[in-house]
Amino acid sequence: MLRGAGAGLLPLAIGGGAAAPVGDAVDAAARTAPSVFGEVGRRIDTLRYPLVGVPAVQEPNETLRVELDADVESVSATLVPSFGTAKPETDLRLESLSDGRKPSNIWVRTGEEYTVAEFEIPSLDRRFTEGMYDLRVTVDGEVDGQPLAVSIHESFPDEPDVAIMGDPHVGDPRPFQDGGRESVEERGPEPFLFRYRETFGTGTEEDRWGAFQRANAEVNASDPDIVLVIGDLAFGSPGYYQEYEDAYRVLNQIDAPTFVTLGNHDGYISPGAGIDGKKLWRRYFAPWHYSVDIRPDFHLLSMDSYDWPALDRIAPSAVPSTWGGQVRNEQFAWVAEDLRSWRAENDGTILTLSHHNPSWRQTEGGEVTRTTDGIPAAEQVGRGAEGSGGGWLGKNREAIRTLLRDVGVSLHVSGHAHRDRIARNDGADNIAATTGTGLEYVDPDGNPVEGDAEAVLAEGDGTLFVEATTAASGTTQYWGWRTVPLARDGSRVDPRTFGYPATDGFLSGRALEPGLWSATNADLGLYSMPSYRFDASFVERSAERTVVRLENDLAREFEGAVTVPLGACPGVRVDGGEKRWQRIDGDRQDVRVAFSVPAGETHDIIVACASATVAGKQH
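Residues numbered from 1 in each chain as written. Predicted model: local features only at pLDDT ≥ 70, side-chain atom pairs only at ≥ 80, totals over all residues. Heavy atoms only, no water.

Side note on the overall build of the protein chain
Across its full length, the protein chain holds 12 helices and 33 strands. For the protein chain, the proportion of its 619 residues judged to be buried stands at 60%. Pairs at least 24 residues apart make up 74% of the contacts formed inside the protein chain by residues separated by at least 6 positions. Summing over all exposed atoms, the protein chain offers an accessible surface of approximately 21,700 Å²; the carbon and sulfur share of this is 48%. (Helix = DSSP H or I, 4+ residues; strand = E, 2+ residues; numbered from the N terminus. Buried < 20%, exposed > 50% of the residue type's maximum accessible area, 1.4 Å probe, protein only. Contact = heavy atoms within 4.5 Å. Areas by Shrake-Rupley, 256 points an atom, 1.4 Å probe, with all protein chains shown as cover.)

What follows is the structure, encoded as structure tokens:
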């Protein structure tokens, strides 16, 4: 994995001022860490929506809904750019304040109610531009807020690019084990040292979990419209608090509206310290399950597929009685009502996500597991007699995928398995799916079905199920991420429109277990984008001129955007890219530049003040 070319670093904080990936320091003026609010261990306090894990996507002159866990007499709100060097603050005009508390739009599990304040998003100018914003609120004189809570678009695209990052696993020691095995095979220390450096670094806050940071920087460079982080942000050791703190810090590097879903490692109970990961999840990131309208015609729903009683989640040394999937009846009833009611009023697109994938076959567990559900001790003993594991063990696997098909869900995204997979259900709820080296077509009980699996995947109308390899943990493939284009008109997703063009030669050199993979289904969108094959760096930096060098060692063109810092000047010239916007604050400005780099090529972006003199010539 990650051998040879392309294993360099990204010293440039692409897309803004996130913490730099492992190794190289970046000019401090070009790095501005996202604002962090609240005490350690409680990142969600008075402000309950929007959140870093459930942001609001807004256009100019729209109304921003803000939910507050307080009885409010006076409230104000300010947006502050999350990234870049120019940080002008924008105060929002209060439109309305609820008389008493109202049901929350996202905290639905226990019917939580909050005060609702509505603010007007202003028009765009050179101080208030497109981009990610921290939201700061002042409630009766007390200040609270959320980083990266609001995403501003001049016009949200009709076919947004959805970036998918799977299983970052902050705190996971398994990459070290993989590195040790590789070092034995190669009879040298470099594979182990590489994995150690890029996973844990020197242990300092800035460079811990470098592979996750690297994936963030590459995703930022690709300029997605939304990002999905599909669970297992943490690992579940007795150091759960530190894992959550680090995962929160690194998640805040993503320069796009980011929606999270809870994974099994996020929901363990550490018996030694008595820490319940599910409680931490609600304090750091998001509800366990929620839905939100990204746009009026674009609905997102996140399920909690680690829906088990507390006794089943106790995890001595991060090994619980089960790490598999389940959605119990209470949550399933909410999922069904939410999706059916939205579809009854809308023809647009529904996107769903869960850590475990309901398109999998039913795995370990059986009748004893199902009939003892909700009786923790009996359930645990019963499942122990039958065997446990990491697949879909419990309730509502078939019911969920049938529901998704019936309400016309275009795309369902999952993780957990640390491997890429594409699947689709047909009209009879059979599943066509990729394997590492071929295809399968099975009925709900896992029995083979006669038919053309490739035709179902490529041309079928059922929900497309997509999994991504891990962003930074042990895997049978490689560290990476993927992007899926998703139209907002409710149409089907064609897997042939995305995926990395992996070859057998690439897989033999990059996958940890090459024998499990072939390039056979690369044209069906199977493979994620491998990390460590796209680099960006400053090669020149001054108040009047900045040069960014982009190096693309991928087997495909890389399109994206970068935010370039510059001193304030009235006119700007951009070479090697297309200017999107400028943001000016005093003597500083940031220029957003779109770019395209062909496969295997190096490309420079030059941003300079129009009055600058370079190499003796006037621009």
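Here's the deal with the sheet that holds strand S24 (residues 529-530)
The mixed open sheet is built from five strands, whose spatial order is S12-S11-S10-S23-S24. Only two strands of the sheet have a single neighbouring strand rather than two, namely strand S12 (258-260) and S24. In terms of strand pairing, strand S11 (residues 226-229) meets S12 through three bridges, oriented parallel. For leucine 228, the partnering residue across the bridge sits in S12 and is phenylalanine 259. Each of strand S10 (161-165), S11, strand S23 (480-485) and S24 touches helix H3 (residues 210-222); the most contacted strand, S10, lies at about 175 degrees to it. (Pairing = 2+ DSSP bridges. Axes fitted to C-alpha atoms, helices over the stretch in contact; angles between N-to-C directions.)

Topic: the packing of aromatic side chains
Evaluation of the coordinates by the stated rule reveals 17 aromatic pairs. Seen in terms of ring centroids, phenylalanine 128 and tyrosine 133 are 5.2 Å apart; in terms of plane orientation they differ by 45 degrees. Their pairing is tilted. Comparing phenylalanine 128 with tyrosine 133, the two get one shared label, buried. Between tyrosine 240 and tyrosine 244, the aromatic rings sit 5.5 Å apart at their centres with planes inclined by 70 degrees, giving edge-to-face as the arrangement. With tyrosine 240 and tyrosine 244 both in helix H4 (residues 240-251), this residue pair falls four residues apart, about one helical turn. Given the relative accessible area of 0%, tyrosine 240 is considered buried. (Phe/Tyr/Trp six-rings, centres within 6.5 Å; stacked < 30°, edge-to-face > 60°.)

Quick notes on the layout of surface pockets
A probe matching the size of a water molecule, rolled over the atoms, marks out where space remains unfilled. Counted as a void, the largest pocket has a volume near 950 Å³. Forming the walls of the largest pocket are 41 residues, and the residues nearest its centre are Asp161, Ser222, Asp223, Pro224 and Asp225. Those elements that place two or more of their residues in the lining of the largest pocket are strand S8 (131-139), strand S9 (142-152), S23, strand S27 (558-567), strand S29 (578-585) and strand S30 (588-597). Counted by class, the lining of the largest pocket contains 16 nonpolar, 12 polar and 13 charged residues. (1 Å grid on protein atoms, 1.4 Å probe; cavity = no way out; pocket = protein on both sides within 12 Å on 5 of 7 lines; lining within 4 Å. Points joined across faces, edges and corners; volume = space filled by probe spheres on them. Nonpolar A, V, L, I, M, F, W, Y, C, P; charged D, E, K, R; others polar.)

Points about a negative patch on the surface
A contiguous patch of negative charge, built from Asp158, Glu159, Asp161, Asp489, Glu557 and Glu559, is present on the exposed surface. If you trace the backbone, aspartate 158 turns up in the loop between S9 and S10. (Patch = residues over 30% accessible without salt bridge, like charges linked within 9 Å, V, L, I, M, F, W, Y side chains within 5 Å. Salt bridge = Lys/Arg side-chain N within 4 Å of Asp/Glu carboxyl O. Lys, Arg positive; Asp, Glu negative; His and termini not counted. Charge placed at Lys NZ, Arg CZ, Asp CG, Glu CD.)

Details of the nonpolar core
The nonpolar side chains of a soluble globular protein tend to be buried with one another. Counting 136 residues, the largest nonpolar core has Leu135, Met165, Leu228 and Phe285 as the members making the most contacts within it. Considering every element that reaches this core, the biggest residue donor is H4, with six residues. Once residues within four sequence positions are removed from consideration, phenylalanine 285 is found in contact with Ile44, Leu51, Gly53, Val54, Leu233, Tyr244, Ala247, Tyr248, Leu251 and Val260. Judged by nonpolar contacts, the second largest core, of 22 residues, contains Val327, Trp334, Trp392 and Ala423. (Core = buried A, V, L, I, M, F, W, Y, C linked by side-chain atoms within 4.5 Å.)

So, the packing of H4 against helix H5 (residues 277-284)
Taken N-terminus to C-terminus, the directions of H4 and H5 make an angle of 30 degrees; their axes are 11 Å apart at the nearest point. One element, H4, and the other, H5, form an angle in the roughly parallel class. Pair H4 / H5 crosses with right-handed handedness. Residues Tyr240, Tyr241, Tyr244, Glu245 and Tyr248 of H4 lie in contact with H5, whose contacting residues are Gly277, Leu280, Trp281, Arg283 and Tyr284. Across the contact of H4 with H5, the residue classes tally to seven nonpolar, one polar and two charged. (Parallel < 35°, antiparallel > 145°, perpendicular 65-115°, else oblique. Left-handed = near helix turned anticlockwise from the far one by under 90°.)

Let's talk about the pairing of S29
The side chains of a regular strand alternate between both faces of the sheet. Bridge count between S29 and S30: seven bridges; the pairing is antiparallel. Looking across to S30, one finds that tryptophan 581 is bridged to arginine 592. Where S29 hands over to S30, the hairpin turn is made up of two residues, of which glycine 586 adopts a positive phi near 65 degrees.

Observations regarding the pattern of salt bridges
The final tally for this structure, using the stated rule, is 33 salt bridges. Here arginine 101 ties to aspartate 71 by a salt bridge, and the two come within 3.2 Å at their closest N and O atoms. Taken together, the residues span a long stretch of sequence, with arginine 101 in the loop between strand S5 (90-97) and strand S6 (102-103) and aspartate 71 in the loop between strand S3 (63-68) and strand S4 (75-81) at a distance of 30 residues. With a relative accessible area of 61%, aspartate 71 lands in the exposed category. The partner of aspartate 575 in a salt bridge is arginine 573, and the shortest N-O contact between them spans 3.0 Å.

Considerations on the side chain of histidine 153
With respect to the secondary-structure elements, histidine 153 resides in the loop between S9 and S10. Looking at histidine 153, the relative accessible area reads 11%, which means it is buried. In this structure the side chain of histidine 153 is engaged in a polar contact, spanning 3.0 Å, whose partner is the side chain of serine 151. Discounting chain neighbours no more than four positions away, the residues touching histidine 153 are Val57, Gln58, Glu59, Pro60, Glu130 and Asp225. (Polar contact = N/O pair within 3.5 Å; in protein donor to acceptor, adjacent residues only side chain to side chain.)

Some details on the state of the cysteines
Applying the stated criterion across every chain yields a total of one disulfide. Shown here is the disulfide that connects cysteine 569 with cysteine 609, its sulfur atoms set 2.2 Å apart. In this structure the cystine formed by cysteine 569 and cysteine 609 twists about its S-S bond by roughly -90 degrees; its chirality is therefore left-handed. Here cysteine 569, found in the loop between S27 and strand S28 (572-575), pairs with cysteine 609, found in strand S31 (residues 602-609); they are 40 residues apart in sequence, far enough to count as distant. (Disulfide = S-S within 2.5 Å.)

Details of the sheet that holds S31
Strands sit in the order S25-S26-S31-S28 across an open sheet of four strands; the sheet is antiparallel. Only two strands of the sheet have a single neighbouring strand rather than two, namely strand S25 (534-541) and S28. Each neighbouring strand pair of the sheet contributes to a mean axis angle of 15 degrees, computed without reference to strand direction. As paired strands, strand S26 (residues 545-552) and S31 are joined by seven bridges and run antiparallel to one another. Residue pairing for S31: arginine 545 is matched across the bridge by alanine 608.

What about the environment of valine 547?
Relative to the elements of secondary structure, valine 547 occurs in strand S26. Filtering out sequence-adjacent residues up to four positions away, valine 547 remains in contact with Ser537, Phe538, Val539, Glu540, Asp604, Ile605 and Ile606.

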